[in-house]
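# Descriptive structure summary
The chain contents come next:
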Amino acid sequence: MSSADANPSAPANTASPGLFVRLWRLAFPPPALPRDSDALRIGILGAASIAPMSLITPARHVPGILVASVAARSHERAKQFAVKHGIPTTHASYDELINDPSIDAIYNPLPNSLHYEWTMKAIQAGKHVLLEKPATSNADEAERLVAAAKTKGVVLLEAFHYRFHPAMLRVLDIVHSGELGELRRIECRAVAPNVFNADDIRFNLGLAGGACMDIGSYALNAIRAVVGGIVPERVHEATAELVAPDVDHTMHFTLDFDDGVTAVGEASLNCSWFNMISSLRVIGSQKELCLRNYILPTIWHSIVVQELPGGKKRTEKHYGDGSTTYAYMLHHFVALCRGETDDYVVTHDDTVGNMRTMDMVYQAAGLSVRGPPTPNA
Ligand SMILES: NC(=O)C1=CN([C@@H]2O[C@H](COP(=O)(O)OP(=O)(O)OC[C@H]3O[C@@H](n4cnc5c(N)ncnc54)[C@H](OP(=O)(O)O)[C@@H]3O)[C@@H](O)[C@H]2O)C=CC1
Ligand SMILES: O=C1OC[C@@H](O)[C@H](O)[C@H]1O
């Protein structure tokens, strides 16, 4: 999908809304649109914190999807969540939701080490799955999910929402057009300040936590999108700073690709409040490009392309119709499930390749490749 194809359901040729309107719409989303009569009925596994932002709110403006139910480990919690977010039904367990024949698709925002088990169950039950990033604990699990989805003929999409936004699509168009010249180096930061409690799933080894698994999955994905989805030949270096045994709050890594490109990355859940903007910089033989705020481009972003060395600069911004990254992704998920496109954007090879790269980074840092949940995680 190129930037021109982003969100085919959005009205064409409308001017992008300005900052004030974008922020206003995030704070006070406009009224929900009516649902299509054949809207995809999706159910949520767990009353997860991310679900309102990633699915429930954006779905209000994607007529092809209906958030039909939520299941939680406690039925009471599912009921409370459903009332709060206007979800019409609940299920008493994850299994009940997955096995309900009236449900077409499952959204899986469980902790990372539970992604494999519950996505596999959903696929085996014939459901399409929108799966939170990182797809699994490790590459072997990702390979098994992809194989199962192919066998069952269902959609399995890893929810790298930023990849569907016009800003990232435009960046990849520029890079792959050859405008920058021969690719030389990529620098990528995926960072957030430490706003999480010590007992957060992100810092729990048994739930496949770690900064590289969590926010670093974006950096690995963005770097690999730039080089065309390949896996690095080797991790030149990886250094972790730990918050608990085997659990990184920060990971620095250098990847060597076999076409001579080097990528330098930082993943951190402990960055400074003064330096909390994630960025993707791509340096070619003729020009360099920097996309600032690539993970949350809806709020604000900038794409600066500069001739090298230190020559003319231009700045681009691509907000599309002002929809969030999540809304763009949901439109695409619906189109995949309806068979209206077979362009995944985040392909199955991409999903497996990202987890393969993740395993390589953890190994190079001397930490363990993540695995299934531990009993008391
Ligand atoms: N796309 C994005 O922008 C973002 C994606 N994410 C991803 O989404 C996933 C969830 O993140 P987040 O919503 O922040 O996490 P939360 O901790 O808020 O939610 C995780 C849910 O998992 C369920 N769960 C099941 N078993 C366990 C267990 N053993 N321990 C803890 N929770 C359990 C809980 O559901 P129950 O209600 O059943 O108890 C809980 O609501 C992660 O994979 C993360 O990487 C996170 C943030 C942003
Ligand atoms: O997906 C995510 O995006 C934003 C981060 O702060 C968060 O930790 C991560 O899960």
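Computed from a prediction, not measured in an experiment: that's the story for all the values here. (Residues numbered from 1 in each chain as written. Chains lettered and ligands numbered in written order. Predicted model: local features only at pLDDT ≥ 70, side-chain atom pairs only at ≥ 80, totals over all residues. Heavy atoms only, no water.)

What follows concerns the UniProt feature "domain: Gfo/Idh/MocA-like oxidoreductase N-terminal" (unreviewed entry) in the protein. UniProt annotation of "domain: Gfo/Idh/MocA-like oxidoreductase N-terminal" (unreviewed entry) refers to residues 40-158 when read in the numbering used here. Here residues 40-158 runs as 41% helix and 23% strand, with 18 Å between its end C-alpha atoms. (UniProt positions renumbered as here; feature names shortened; annotations may be inferred. Helix = DSSP H or I, 4+ residues; strand = E, 2+ residues; numbered from the N terminus.)

This brings us to the environment of valine 171. Examined against the element boundaries, valine 171 turns out to sit in helix α7 (residues 166-177). Every residue in contact with valine 171, bar those within four places of it in the chain, is listed here: Leu280, Leu289, Leu291 and Ile303. (Contact = heavy atoms within 4.5 Å.)

In this section: the packing of helix α6 (residues 139-152) against helix α11 (residues 348-364). How two helices pack is summed up by the angle between their axes together with the distance between the axes. For the pair α6 and α11, interaxial distance at closest approach is 8 Å and the crossing angle is 165°. When the interaxial angle is binned, α6 and α11 end up roughly antiparallel. Seen along the crossing, α6 lies across α11 with a hand that is left-handed. Note on element contacts: α11 touches α6 through His348, Thr351, Val352, Met355, Arg356 and Asp359, opposite Ala139, Asp140, Ala142, Glu143, Val146, Ala149 and Lys150. Per-class residue counts for the contact of α6 with α11 are six nonpolar, two polar and five charged. (Axes fitted to C-alpha atoms, helices over the stretch in contact; angles between N-to-C directions. Parallel < 35°, antiparallel > 145°, perpendicular 65-115°, else oblique. Left-handed = near helix turned anticlockwise from the far one by under 90°. Nonpolar A, V, L, I, M, F, W, Y, C, P; charged D, E, K, R; others polar.)

This brings us to the site of ligand 1. Surrounding ligand 1, one finds 25 residues, the nearest of these being Ser49, Arg73, Arg77, Tyr94 and Tyr326. The contact in question runs from an oxygen atom of ligand 1 to an N or O atom on the backbone of arginine 73, over 2.8 Å. In the complex, the protein chains occlude 86% of the 890 Å² of accessible area that ligand 1 would expose alone. Grouping the constituent residues of the shell around ligand 1 by class yields 14 nonpolar, five polar and six charged. When residues are assigned to domains, the shell around ligand 1 turns out to be shared by domain 1 (3-161 + 328-347) and domain 2 (165-322 + 353-364), each giving three or more. (Near = heavy atom within 4 Å. Polar contact = N/O pair within 3.5 Å; in protein donor to acceptor, adjacent residues only side chain to side chain. Areas by Shrake-Rupley, 256 points an atom, 1.4 Å probe, with all protein chains shown as cover. Domains from an automatic or database assignment.)

With that settled, consider the UniProt feature "domain: GFO/IDH/MocA-like oxidoreductase" (unreviewed entry) in the protein. Taking the UniProt record as the reference, the feature "domain: GFO/IDH/MocA-like oxidoreductase" (unreviewed entry) is found at residues 170-286. Helix makes up 20% of residues 170-286 and strand 37%. Its end C-alpha atoms lie 18 Å apart.

Around ligand 2 lies a shell formed by Lys133, Ala192, Phe196, Arg202, Asp214, Ile215, Tyr218 and Leu269. Here arginine 202 contributes a side-chain N or O atom positioned 2.9 Å from an oxygen atom of ligand 2. For ligand 2, whose accessible area on its own is 270 Å², the fraction buried by protein is 73%. For the shell around ligand 2, the per-class residue count stands at five nonpolar, no polar and three charged.

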